Every structure is written in structure tokens, then in C-alpha cells.
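Survey of secondary and tertiary structure
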Amino acid sequence: MPSREQPTAFEESIRILRSNLDVALADIRQPSVVVTSANPNEGKTVISSNLAISLAAARQRVVLVDMDLRHPNLHRLLGAQNQFGVAEVLLGQRPLEDALQYIELPPQVAGREGPGLYFLGTGAQVSNPTELLDSGRTARLLQRLAEQADVVLLDTPPVLPVADTLVLGRMAAGAIIVTEARRTAITAVQKAKELLIRNQTRLLGVVVNKFQPRDADYGYGYGYGYGDRRPPSDDIIVEHEGGHIHSNGADSDPAVEGTDHPL
Ligand SMILES: Nc1ncnc2c1ncn2[C@@H]1O[C@H](COP(=O)(O)OP(=O)(O)OP(=O)(O)O)[C@@H](O)[C@H]1O
Ligand SMILES: [Mg+2]
């Protein structure tokens, strides 16, 4: 996050996502939300980490969990450790309290008094992620985390290649699908959505990531632009029940250029 008073377009998009999520979750106490995509590499980890920071900066107590036991990456973006986490807690090798890490908010949003951001990494690689996740232990872990938080965000694997997220979706209040503009076929997103719904997961919204204004011609229709900003290099659209909001998105923000810190 560049240190300037004007938020970047990407930050504005994340704020819109945050407030849409607040509305979608208004009636749910202590919700867990799956952040997923149809295919790999669409931006789940970037979006979930930035959303978690944004929620924490808005004084919510947030637990961000790396449930991508196959391709853990959140700890790198957050500068956290991944020696032990979900795997050890589920296998009964570590108490949850030992595995949860407190994450300092970036300086631009730190200093606001709030209950903070906590992170649970994946821990050691396991040979059978789906089986490990598909258990009462996982449901109890999510329940315990939810009791300590206003919102629990789960960064998960993509839906189409593996079943892990479908398993987790049943235990969560709902799911956000992140999709990469230009790259992901609409049919793939529809398939992911159908799979989630068939597995009793409520779809909370779709984030079109890495969006550029010219993508509007490709059928990613959008409602309205954000102010009169110059078109950015990358963008996200936040869609939710009842419509969609377009917001100019990522510019040269290092978060979306693949550096180590999300903001
Ligand atoms: N809005 C954006 N603009 C530009 N680049 C982005 C944006 N969002 C994500 N990226 C880049 O896309 C790549 C994939 O992002 P990320 O790791 O968040 O995806 P993922 O869906 O979590 O991937 P995986 O399926 O491997 O877990 C990274 O290099 C990241 O920096
Ligand atoms: Mg990821």
C-alpha cells in the first residue's frame, strides 16, 4: 500500500467488497467465509489477505485461515510462519492457541484500536488433505475460531481440480468466488458455482479480479465507474446478490504485482 492519503483504486475495490460482505453476512453470527475460485492462480490469496486486513482495519476481529493445504501461500504474504497450523491442530498435535498468530496491520491502517487480525497457517504438508478436512474435527475447529471472531475468512484451493473446498463450503456461511478477467471461461465459473450450491454452500458474491476497462467488451458488464479516475492497469469487479459494482482496481500497488506483502 503506497503511503499516501488517497486510497488506490485496488484499495477502494477491497473496501467495496468488505461492505458488500458486511451486508451479505448481516444476519449471520460469527460467520466463516470461503474465498475460492474455479481454477488455480486467479487471486484468492491476494483477495482474501487484503479483505482480512480491510475488515480488521474496520475494527472487526478477523481470523484468516490458510485452508489451501496443497499450495499454502498466505504466510508469505503476511510475513508469518507456517511451521504449524491447521494440520497440527486437526491431528491433535498442537493446541489451537499455540498455532494462532497475531498479525500486525500494515502501518497505513495500524494504530486504529481494534481487536485485530489473527492468522492460522496450514502447517506441515499432509498426504490426504481432503480426508483430513472432511471431518468433524474441521467443523469443530471452524466453530471454535468463529466463537473468537466477528468473521473467519478461509483461503482455499480452487473448486474444479480438487474437492477440498466443497468439503469446507458445507461448514461455512457462504463462499466468494474470485475469477480472473480474460482468463477464466464463464462456463468454468458457472460450474464452480453449481458445485458449491449443490454442496449446500451459499454463494455470497463473485469478484472479477485483474480486470481492465476493455474487459467490459468481453461480457463482464458493470454498473458504474468509480469517480473519474484514470483507467487502472488492473481492476476488480465486485458482484453480489442483486447486482454488481464496478470499481477501478489494482494499479501499480505492489500487492498485485506479486511482492511479499499484500499491502
Ligand atoms: N488484482 C490483481 N492484479 C494483478 N495481479 C494480481 C491481482 N491479484 C492477484 N494477482 C497476482 O496473480 C498471481 C496469483 O495470485 P494468488 O496467489 O492470490 O492466486 P491464488 O488464486 O491464490 O493462486 P493458487 O490457486 O495458486 O492458490 C500472483 O502473482 C498475484 O500477485
Ligand atoms: Mg492461493
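Since the structure is predicted, the reported quantities are computational estimates derived from the model, not experimental observations.

Before going further, it helps to spend a moment on the environment of Arg-29. Position of Arg-29 among the secondary structure elements: in the loop between helix H1 (9-24) and strand E1 (32-37). Given 9 C-beta atoms within 10 Å, Arg-29 falls into the exposed group. In this structure the C-alpha to C-alpha distance between Arg-29 and Ala-146, which are 117 residues apart in sequence, comes to 8.6 Å.

What follows covers unusual backbone geometry. Residues apart from glycine generally show negative phi values, whereas peptide bonds are mostly found in trans. Positive phi values are uncommon outside glycine, yet Asn-41 reaches one of about 75°. Asn-41 sits in the exposed class, given 12 other C-beta atoms within 10 Å. The phi angle at Arg-182 is positive, at roughly 80°, despite the residue not being glycine. Inspection of the secondary structure assignment puts Arg-182 in the loop between strand E6 (174-180) and helix H9 (186-198).

Counting residues in each nonpolar core, the largest one holds 68 residues, and the members touching the most others are Val-33, Val-62, Val-152, Leu-153 and Leu-154. Looking at this core element by element, the count peaks at eight residues for helix H2 (residues 44-57). If sequence neighbours within four positions are ignored, Val-152 has contacts with Ser-32, Val-63, Val-65, Leu-142, Leu-145 and Ala-146.

Neither face of strand E4 (residues 117-120) is open: one carries Leu-117 and Phe-119, the other Tyr-118 and Leu-120, and all of them are buried. Across four bridges, strand E2 (residues 62-66) lies against E4 in parallel orientation. Each residue of the ladder has a partner; that of Val-63, found in E4, is Tyr-118. For strand E3 (residues 101-103) and E4, the ladder comprises three bridges, and the chain directions are antiparallel. The partner of Gln-101 across the bridge, within E4, is Phe-119.

Right, let's talk about the confidence of the model for the protein for a bit. When pLDDT is averaged along the protein, the result is 82; 78% of the residues meet or exceed 70. Residue range residues 220-233 is modelled with pLDDT below 50. Its contacts to residues more than four positions away, or to other chains, number 32 contacts. Between residues 240-263, whose pLDDT stays under 50, and residues either more than four places distant or in other chains, the model counts 82 contacts.

Compared with an ideal rise of 1.5 Å per residue, which puts 14 residues at 20 Å, H2 spans 20 Å between its outermost C-alpha atoms and is within 8% of the ideal. By the criterion of burial, H2 is predominantly enclosed, with 14 of the 14 residues buried. Just downstream of H2 lies Arg-59, where phi reads positive at about 70°.

Right, let's talk about the environment of Ser-54 for a bit. In this structure, Ser-54 sits in helix H2. Once the C-alpha coordinates of Ser-54 and Leu-17 are considered, the two residues, 37 residues apart in sequence, prove to be 9.5 Å apart. With near-sequence residues (within four places) excluded, Ser-54 lies in contact with Ile-14, Arg-15 and Arg-18.

What counts and what doesn't
- Each residue is numbered by its place in its chain's sequence as written, counting from 1.
- Numbering of ligands from 1 and lettering of chains from A proceed in the order in which they are written.
- For a predicted model such as this one, the threshold for reporting local features is a pLDDT of at least 70, and the threshold for listing and counting side-chain atom pairs is 80 or more; totals across whole chains, interfaces and linings nevertheless cover every residue.
- For helices the rule is a DSSP run of H or I covering at least 4 residues; for strands it is a run of E covering at least 2, with both sets numbered from the N terminus onward.
- Buried means a residue has 20 or more other C-beta atoms within 10 Å of its own C-beta, exposed means 12 or fewer, and partly exposed covers the counts in between; C-beta atoms are placed from the backbone.
- What makes a nonpolar core is a set of buried Ala, Val, Leu, Ile, Met, Phe, Trp, Tyr and Cys residues, with links drawn between C-beta atoms within 7 Å.
- A pair of residues counts as a contact when their C-beta atoms, built from backbone coordinates, are separated by no more than 7 Å.
- In short, DSSP must find at least two bridges between two strands for them to pair.
- Per-residue confidence from the predictor is reported as pLDDT, which spans 0 to 100.
- Between the first and last residue of a helix there are one fewer steps than residues, each counted as 1.5 Å, and that sum is the expected span.

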